[in-house]
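A structural walkthrough
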Amino acid sequence: MIVRPIEAEDLDVLYEIENEPGTWSVATPGGPYSHFALSRYIEQFGTDIFTSGQLRLMACDDDGTPIGTLDLTNYSPTDRSAEVGIAVRAKYRGQGWGKRMLQMLEEYASNVLNLRMLYARVVDGENPASQSLFCGMGYEKVAVLPEWHFLGGSYVDIAVLRKLLS
């Protein structure tokens, strides 16, 4: 697997990922996004987490085909922590890509960024594949934020999952 910064040629893949209605429940704000908006995002997005507080990478197979995105957001140098997000393209789900992507992101966060902790927020009781991935990789549920996120006409609980890297 290859992990690299988002490039201009990733516009269609990013459009596919960001405009999948199933991902809108976990993204804030959720889609839909236009090609124009995503193109501007790619142009303006930096790869320096220390300046922007976030990092977005594209994960590709060995042939360079984009599999999905990896995100570190809410970076805190004081706490040595960041929020992690992973999006696997629909046709690559259930093949172990999410686990490989998360492993690679954890290694980068620990060895390069010197982070102590990663955490994820997921709608509690929803998206069992995501919860299974994080829990299977050693993340523990440390909190539930009641009625925290507005989804489908009502407020839902958010589970906070974390993993200490060192």
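Here we summarise the structure given alongside this text.

What counts as what
Note that residues are indexed from 1 along each chain, following the sequence as it is written. It should be noted that, the model being predicted, local features are given only for residues of pLDDT at least 70 and side-chain atom pairs only at 80 or more, the latter also being counted only at that level, while totals for whole chains, interfaces and linings use all residues. With hydrogens and water set aside, each side-chain value is computed from the structure's full complement of heavy atoms. A carboxyl oxygen of Asp or Glu within 4 Å of a side-chain nitrogen of Lys or Arg is what we treat as a salt bridge. Burial classes follow relative accessibility: with a 1.4 Å probe on protein chains only, a residue under 20% of its type's maximum area counts as buried, one over 50% as exposed, and anything between as partly exposed. Labels follow the DSSP assignment, with helices taken as runs of H or I lasting at least four residues and strands as runs of E lasting at least two, numbered in each case from the N terminus. As used here, the arc is the angular range of directions from the helix axis to the C-beta atoms. The contact criterion used is simple: two residues touch if any of their non-hydrogen atoms lie within 4.5 Å.

Brief notes about the pattern of salt bridges
Within this structure, the stated rule accounts for nine salt bridges. In this structure, aspartate 10 engages arginine 4 in a salt bridge whose closest nitrogen and oxygen atoms are separated by 2.7 Å. For aspartate 10, a relative accessible area of 1% translates into the label buried. In this structure, lysine 163 engages glutamate 106 in a salt bridge whose closest nitrogen and oxygen atoms are separated by 3.0 Å.

What to know about helix 5 (residues 128-136)
Along helix 5, the residues that are buried comprise Ser130, Gln131, Leu133 and Phe134. The arc enclosing the buried residues of helix 5, seen along the axis, measures out at 160°, which places them on a common side. Counted as exposed and oriented over 90 degrees from the buried face of helix 5: Pro128, Ala129, Ser132 and Gly136. The inward-facing, buried residues of helix 5 contact strand 4 (81-88), helix 4 (97-111), strand 5 (117-123) and strand 7 (154-164). Positioned one or two residues after helix 5, glycine 138 has a phi angle of 95°, which is positive.

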